[in-house]
Amino acid sequence: SAIPLQYGAQYSGKRTDDAMNKWRSNRFGQFIHWGLYAIPGGVWNGKTYNYAAEFLKASANVPSATWDSLMYQFNPVKFDAKQWAKMAKKMGVKYMTITTKHHEGFCLWPSKYTDFSVAGSPYKKDILKQLVEAYNAEGIDVNFYYSVLDWHHPDWRNDIKSPQDSVAFKRYLDFAYNQLKELATNYPTVKAFWFDGTWDNSVKKNGKWTYEVEKMLKEVSPGVIVNSRLRADDYGKRHKDSNGQLMGDYESGYERRLPDPVTDTAVTRWDWEACMTIPENQWGYHKDWTVSHVKSPLELLEMLVHTTSMGGNFLLNFGPTGNGDFRKEELDIATVIGNWMGKYGDAIWNCDYAGMKKEDWGYYTKKKNSNQLNMVVFNWPSSGLLKVRTPRGMVLDKASFVDAKGNALKVEEIADNQYLIQVPVKLYTSPQVIQVDFHQGATNGKYQK
Ligand SMILES: C[C@@H]1N[C@@H](c2cn(-c3ccccc3)nn2)[C@H](O)[C@@H]1O
């Protein structure tokens, strides 16, 4: 029987209100990690540190006073929110998630609860306000990332080991609560809050606070969406409560990894989002991308399609430089992905899990409330035959490449709920999309029994 909880999941199943339906239909988002860490870019006193650039303070053992004085160098003269938003629009994202405050504690908005913000920098202006306005003007939703973990704030604690810790950490939680209320109040068009830095015991021992933050945000900004990573329940259980129920509005555990399309299909039962770096593990700007593998546009495109095929959102990360511009590799990736989305985005936006078995050639997506099935093909069989297994009652009618709607492909029913779709055997240089029309009914039985 269920364990009684005060601060566990507040509901089960997917939210189906307009705000969540829009969040789900967005599918593809741009993550932006921007802060003081973008100034040194992974290099300190002439030494390059391979670990994630937004962790340079820790990797290079930089004293807090030294790190915090980077605020006086924050003056991104090349920052142009409208230009960032145009690039995002061309890339085909429908939402953007910006780090309002990362673990270093530096705030990209002039918060009245701390001096450690843009207001204290030579730049002075409100970065968040400019980004929200510019991206919303391009029709792109904006979500706020907020790190509960805060290396700058004197009252932060990793754990509560004494009454003094409790008193200090209570002050910290009040500070964070006030900042979050400030963000939800001052930027009312923000659609979701992306919490991070909640894995420490100090936060796990404060499930009630995490519950109250979610409650407050939804009172201040009705319809707003909160990720599972914020939440701890009465017993410190995170993401899913002590009864295995998902907390928050969507599962946000997939960081630099994706669920397996064969063994992890359970994720299709709830909303979820995966966030992904272009290098192996760099969220903030790093001067030297030779320190690890850098994913190609096609690798990233396959991850986007893979995620959509399992009913999830894909949040691809960009790390602007300390000057406020993007490195060439990121601009090139945005262009290649944008070109593909311009032609085939209809197989991503407002598409979901098709409820079909994964095949070797690639991924299915299904347009919401339609009989339109998309096959996004990455791996071409030497036979030229694409295998399709349908659920009982689903009958394929016709198929054609999105790029050649008029040329119907041969669809052969070879057994109950088993089909082969014939495609020309040739080299394709980018993933192709085949659109398949189907209907619910008995199989045609054209094949010999
Ligand atoms: C979304 C990503 N989450 C942050 C992160 C990751 N980690 C981490 C810490 C220890 C092990 C593995 C991951 N700590 N903070 C990264 O800095 C980025 O913001």
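Residues numbered from 1 in each chain as written. Predicted model: local features only at pLDDT ≥ 70, side-chain atom pairs only at ≥ 80, totals over all residues. Heavy atoms only, no water.

### So, the nonpolar core
- If you look at the biggest cluster of nonpolar residues, it comprises 92 residues, and the most contacted ones within it are Tyr-135, Phe-144, Tyr-146, Leu-180, Phe-193, Phe-195 and Leu-217.
- Listed in part, the 22 residues of the second largest apolar core include Trp-361, Met-394, Val-395 and Leu-396. (Core = buried A, V, L, I, M, F, W, Y, C linked by side-chain atoms within 4.5 Å. Buried < 20%, exposed > 50% of the residue type's maximum accessible area, 1.4 Å probe, protein only.)

### Considering the site of the ligand
- Lining the immediate surroundings of the ligand are His-33, Glu-54, Phe-55, His-102, His-103, Tyr-145, Trp-194, Asp-196, Trp-199, Glu-255 and Trp-283.
- At 2.8 Å from an oxygen atom of the ligand is found a side-chain nitrogen or oxygen belonging to His-102.
- Taking Glu-255, its side chain carries an N or O atom lying 3.2 Å from a nitrogen atom of the ligand. (Near = heavy atom within 4 Å. Polar contact = N/O pair within 3.5 Å; in protein donor to acceptor, adjacent residues only side chain to side chain.)

### A closer look at the sheet that holds strand 16 (residues 411–415)
- With antiparallel pairing, 3 strands are arranged side by side in an open sheet as 14-17-16. Lying at the two open borders of the sheet, with one neighbouring strand each, are strand 14 (385–389) and strand 16. The mean angle between the axes of side-by-side strands here comes to 30°, regardless of whether they run parallel or antiparallel.
- Across 5 bridges, the pairing between strand 14 and strand 17 (residues 418–422) is antiparallel. Bridge pairing in strand 17 places Leu-386 opposite Ile-421. (Pairing = 2+ DSSP bridges. Helix = DSSP H or I, 4+ residues; strand = E, 2+ residues; numbered from the N terminus. Axes fitted to C-alpha atoms, helices over the stretch in contact; angles between N-to-C directions.)

### A short note on unusual backbone geometry
- Located in the positive-phi region is Lys-124, a residue other than glycine, with phi close to 70°.
- Following the sequence through the fold, Lys-124 ends up in the loop between strand 4 (95–101) and helix 5 (127–137).
- Although it is not a glycine, Asn-369 adopts a positive phi angle of roughly 50°.
- By the element assignment, Asn-369 lies in the loop between strand 12 (362–367) and strand 13 (372–377).

### Some words on the packing of helix 9 (residues 297–309) against helix 10 (residues 328–344)
- The N-to-C vectors of helix 9 and helix 10 enclose an angle of 50°; their axes lie 9 Å apart at closest approach. As the angle between them shows, helix 9 and helix 10 are arranged oblique. Seen along the crossing, helix 9 lies across helix 10 with a hand that is right-handed. Residues Pro-297, Leu-300, Leu-301, Leu-304 and Val-305 of helix 9 pack against Ile-333, Val-336, Ile-337, Trp-340 and Met-341 of helix 10. (Parallel < 35°, antiparallel > 145°, perpendicular 65-115°, else oblique. Left-handed = near helix turned anticlockwise from the far one by under 90°. Contact = heavy atoms within 4.5 Å.)

### Some remarks on the side chain of Gln-179
- Turning to its location among the elements, Gln-179 is positioned in helix 6 (residues 163–186).
- The exposure class assigned to Gln-179 is buried, which follows from its relative accessible area of 0%.
- Excluding its chain neighbours within four sequence positions, the residues that come into contact with Gln-179 are Lys-101, Cys-107, Trp-109, Ser-111, Tyr-113, Thr-114 and Tyr-146.

### Focus: the sheet that holds strand 15 (residues 394–401)
- Across the sheet, 5 strands lie side by side as 11-12-13-18-15; this open sheet has antiparallel pairing. Two strands lie at the open edges of the sheet, namely strand 11 (351–352) and strand 15, each paired on one side alone.
- The pairing of strand 12 with strand 13 spans 5 bridges and is antiparallel. Note that in strand 13 the partner of Tyr-363 across the bridge is Val-376.
- Contacts from helix 9 reach strand 11, strand 12 and strand 13, with the element oriented near 50° to strand 12.

### Here we look at the pairing of strand 18 (residues 432–440)
- Sheet topology places strand 13 next to strand 18; 6 bridges connect them, and they run antiparallel. In the strand pairing of strand 18, Val-376 is matched with Val-433.
- In terms of strand pairing, strand 15 meets strand 18 through 7 bridges, oriented antiparallel. Residue pairing across strands places Leu-396 opposite Phe-438, the latter belonging to strand 18.

### Here's the deal with the pattern of salt bridges
- Under the definition given, this model contains 27 salt bridges.
- Here Asp-325 makes a salt bridge to Lys-78, at a shortest N to O gap of 3.4 Å. Here Asp-325 is found in the loop between strand 10 (312–318) and helix 10, whereas its partner Lys-78 is found in the loop between helix 3 (64–68) and helix 4 (81–91), with 247 residues between them in sequence.
- Lys-328 is the salt-bridge partner of Asp-332, the closest N and O atoms lying 2.4 Å from each other. Note that Asp-332 and Lys-328 are positioned in helix 10 at a spacing of 4 residues, about one turn of the helix.
- Residue Asp-332 is classed as partly exposed on the basis of its relative accessible area, which comes to 35%.
- Note on Lys-328: relative accessible area 58%, which makes it exposed.
- By sharing partners, the salt bridges in this structure join Arg-15, Asp-17, Glu-214, Lys-218, Arg-231 and Asp-249 into a single network. (Salt bridge = Lys/Arg side-chain N within 4 Å of Asp/Glu carboxyl O.)

### Observations concerning empty space enclosed by the protein
- Applying the stated criterion across every chain yields a total of 2 cavities of 30 Å³ or more.
- Considered as a void within the structure, the largest cavity measures approximately 60 Å³ in volume.
- Taken together, Asn-21, Arg-24, Ser-25, Arg-27, Asn-350, Cys-351, Asp-352 and Lys-368 make up the lining of the largest cavity.
- Mapped onto the lining of the largest cavity, the elements with two or more residues apiece are helix 1 (18–26) and strand 11.
- For the lining of the largest cavity, the leading source of residues is helix 1, giving 3 residues.
- Looking at the lining of the largest cavity, its residues break down into 1 nonpolar, 3 polar and 4 charged.
- A volume near 30 Å³ is recorded for the second largest cavity.
- Taken together, Ile-278, Pro-279, Gln-282, Trp-283, Gly-284, Tyr-285, His-286, Trp-289, Asn-317, Gly-319, Arg-327 and Glu-330 make up the full set of residues lining the second largest cavity.
- Of the residues in the lining of the second largest cavity, the class split is 5 nonpolar, 5 polar and 2 charged. (1 Å grid on protein atoms, 1.4 Å probe; cavity = no way out; pocket = protein on both sides within 12 Å on 5 of 7 lines; lining within 4 Å. Points joined across faces, edges and corners; volume = space filled by probe spheres on them. Nonpolar A, V, L, I, M, F, W, Y, C, P; charged D, E, K, R; others polar.)

Geometric descriptors of this kind do not, in isolation, establish any biological role.
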